[in-house]
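Examination of the molecular architecture
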Amino acid sequence: MKFKKILLSLGIGLGLTFATTMASAAEYKIGFSQIGAESEWRTANTKDIKEAAKRHDVNLIFSDAQQKQENQIKAIRTFIAQKVDLIGFVPIVETGWDNILREAKRAKIPVLVMDRDLKVSDPSLFVAKIGTDSYTEGKKAFEWIDSFVNKTQLKPRNGRDKINIVVLEGTVGSSAATGRGNGFNDAFNASANKDKFKILASQTGDFTRQKGQEVMESFLKSNRNDIDILFAHNDDMALGAIQAIEAAGLKPGKDIIIISCDGVKGIFQAMIEGKSNVTIECNPLQGDLFFETAKKILKGESVPKSVFVEEGIFEADVAKEVLPTRKY
Ligand code: GYE
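Residues numbered from 1 in each chain as written. Predicted model: local features only at pLDDT ≥ 70, side-chain atom pairs only at ≥ 80, totals over all residues. Heavy atoms only, no water.

**Quick look at the sheet that holds strand β8 (residues 229–232)**
Neighbouring strands of a sheet are bound in pairs by backbone hydrogen bonds; such pairs are parallel or else antiparallel. Rules: Any two strands between which DSSP finds at least two bridges are classified as paired. Runs of H or I in DSSP of at least four residues are treated as helices and runs of E of at least two as strands, each being numbered from the N terminus. To get an axis, fit a line to the C-alpha atoms, keeping to the stretch in contact for a helix; angles then go from 0 to 180 degrees between the N-to-C directions. Residue contacts are defined here by distance: any two heavy atoms, one from each residue, within 4.5 Å place the two residues in contact.
Strand order in this open sheet of 6 strands is β7-β6-β8-β9-β10-β12, and the pairing throughout is mixed. Looking along the sheet, the strands with just one partner apiece sit at the ends: β7 (197–204) and β12 (313–315). On average, each strand axis in the sheet is tilted by 15 degrees relative to the strand beside it, whichever way the strands run. Examined bridge by bridge, strand β6 (residues 163–169) and β7 share 7 bridges and lie parallel to one another. Bridging from a neighbouring strand, isoleucine 165 pairs with isoleucine 199 of β7. The sheet strands contacting helix α5 (residues 134–152) are β6, β7, β8, β9 (257–262), β10 (278–281) and β12, and the helix crosses β9 at an angle near 155 degrees. Docked against the sheet, helix α8 (residues 235–247) engages β6, β8, β9 and β10, running at close to 155 degrees with respect to β9.

Here you go:
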């Protein structure tokens with residue numbers, strides 16, 4: 001009995017030693033600052049980063065900034081003090097990173113940016129950025145509207161002369177919002193059908209369902225019968241807006257055509273129910289690319305300054321068939 005117990009504790013002891021050796025045997029320690037959990041997209045992005053870290057046998061120190069840039073700056077400073085091998089982060093907004101990234105550079109810790117872009121005075125302050133191409137997504141969004149209107153001969157409701165568009169923008173100052181906004185506006189201005197359309201209102205809904213609903217409610221209060229198309233910078237805000245549209249007694253996806261970015265399961269469900277029309281995919285599964293690139297950097301190999309992930313467009317009529325294959 002006693003002997004068995006000793007053996008058992010010896011076994012546990014050995015197992016534990018083994019387990020700790022295994023953990024500390026991870027080749028690299030990487031600190032990652034995520035912005036928060038504002039959307040279905042972001043939740044999928046975080047889950048993927050954590051799972052990919054395991055697949056790549058990386059010791060990941062993950063920090064959630066709860067939508068505050070100052071928390072991201074603090075997290076990065078802590079990573080520097082912890083002497084991580086590499087720092088990864090999603091810049092919540094484009095500007096304001098110079099000082100903290102200079103601190104990282106002084107400590108000789110390479111920085112790899114994920115998803116959103118940033119503007120720094122010295123491009124050597126980060127090694128590379130992998131992820132989202134927001135500008136192209138915004139461009140694709142207007143181009144889809146343009147061809148949809150041509151194909152369906154969509155007319156403004158209530159005999160107006162222009163097709164009115166409202167926009168729910170993402171977080172102010174984020175590249176995901178400015179990129180999608182600029183891409184959309186550039187495609188609009190370049191269109192031969194430009195005169196058919198008018199942007200009636202454009203306001204931030206901060207990438208959340210709740211704010212998307214609130215802002216859509218206020219759009220509808222002043223313009224109930226004057227909105228033909230909604231472009232939401234992400235699916236979550238479109239999902240919030242759908243509730244506001246229904247509450248106003250209108251049919252989302254019919255009275256108001258809805259287009260949004262991301263391609264999360266929630267919007268596929270809404271498309272199946274006929275309440276939304278199209279989603280411009282933005283792929284949150286960026287973990288593998290992130291850790292592959294990080295390892296190359298740490299081994300001294302050169303990497304491209306900017307790499308984008310592949311993205312598609314999904315319209316309502318394929319939603320039912322595609323939903324079971326969606327990973328987020
Ligand atoms: O579209 C949105 C998220 O930065 C591309 O952030 C990302 C955006 C995404 O909260 O849902």
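**Describing helix α2 (residues 40–55)**
In an α-helix, one full turn covers 3.6 residues, which means residues spaced three or four apart are oriented alike. What counts, and what does not: Multiplying 1.5 Å by the helix residue count minus one yields the expected span of that helix.
Over its 16 residues, α2 extends 23 Å from the first C-alpha to the last, a length consistent with the 22 Å expected when each residue adds 1.5 Å. Each element contacted by the buried residues of α2 is listed here: β1 (28–34), β2 (58–64), β4 (111–114), α8, β9 and α10 (287–298).

**Some remarks on the site of the ligand**
Quick reminder of the rule: Residue proximity to a molecule or strand is established when one non-hydrogen atom of the residue lies within 4 Å of it. By the criterion applied in these results, polar contacts are pairs of N or O atoms within 3.5 Å in which, for protein atoms, one can donate a hydrogen and the other can accept it, and in which residues neighboring in sequence qualify only through two side-chain atoms. Using a 1.4 Å probe, accessible areas were evaluated by the Shrake-Rupley method; residue-level cover was limited to the displayed protein chains. Under the grouping applied here, Gly and all other residues not named as nonpolar or charged are polar, the nonpolar ones being Ala, Val, Leu, Ile, Met, Phe, Trp, Tyr, Cys and Pro and the charged ones Asp, Glu, Lys and Arg.
Surrounding the ligand, one finds 13 residues, the nearest of these being Glu38, Asp115, Arg116, Arg180 and Asp262. One of the side-chain N or O atoms of arginine 180 is found 2.8 Å from an oxygen atom in the ligand. Side-chain polar atom of aspartate 262 to an oxygen atom of the ligand: 2.6 Å apart, as the coordinates give it. Across the complex, the protein chains shield 100% of the 300 Å² of accessible surface that the ligand would expose by itself. Where the shell around the ligand is concerned, the elements lending two or more residues are α2 and α6 (175–190). Per-class residue counts for the shell around the ligand are 4 nonpolar, 3 polar and 6 charged.

**Describing the sheet that holds strand β11 (residues 306–308)**
Taken in spatial order, the 6 strands make up an open sheet running β2-β1-β3-β4-β5-β11, and their pairing is parallel. Every other strand in the sheet has two partners, leaving β2 and β11 as the edge strands with one partner each. Averaged over all neighbouring strand pairs, the angle between strand axes comes to 20 degrees, with direction disregarded. On the sheet, α2 packs against β1, β2 and β4 and is oriented at approximately 155 degrees with respect to β2.

**Some details on the pattern of salt bridges**
Convention followed: One speaks of a salt bridge when a side-chain nitrogen belonging to Lys or Arg is within 4 Å of a carboxyl oxygen belonging to Asp or Glu. Exposure is judged per residue with a 1.4 Å probe applied to protein chains only, and the accessible area is read against the type maximum: over 50% gives exposed, under 20% gives buried, and values in between give partly exposed.
Scanning all chains against the criterion turns up 23 salt bridges. Here aspartate 117 and lysine 129 are joined by a salt bridge, their closest N and O atoms 3.0 Å apart. With aspartate 117 in the loop between β4 and β5 (128–131) and lysine 129 in strand β5, this pair connects stretches of sequence that are 12 residues apart. Take lysine 129: its relative accessible area is 2%, and that puts it in the buried class. Ionic pairing is found between glutamate 137 and arginine 180, a salt bridge with its closest N-O pair at 2.8 Å. Taken together, the positions of glutamate 137 in helix α5 and arginine 180 in helix α6 put the pair 43 residues apart, joining distant regions of the chain. By relative accessible area, which is 0% here, glutamate 137 ends up buried. Here arginine 180 falls in the buried class, since its relative accessible area comes to 3%. Because the salt bridges share partners, they merge into one network encompassing Glu38, Arg42, Asp115 and Arg116.

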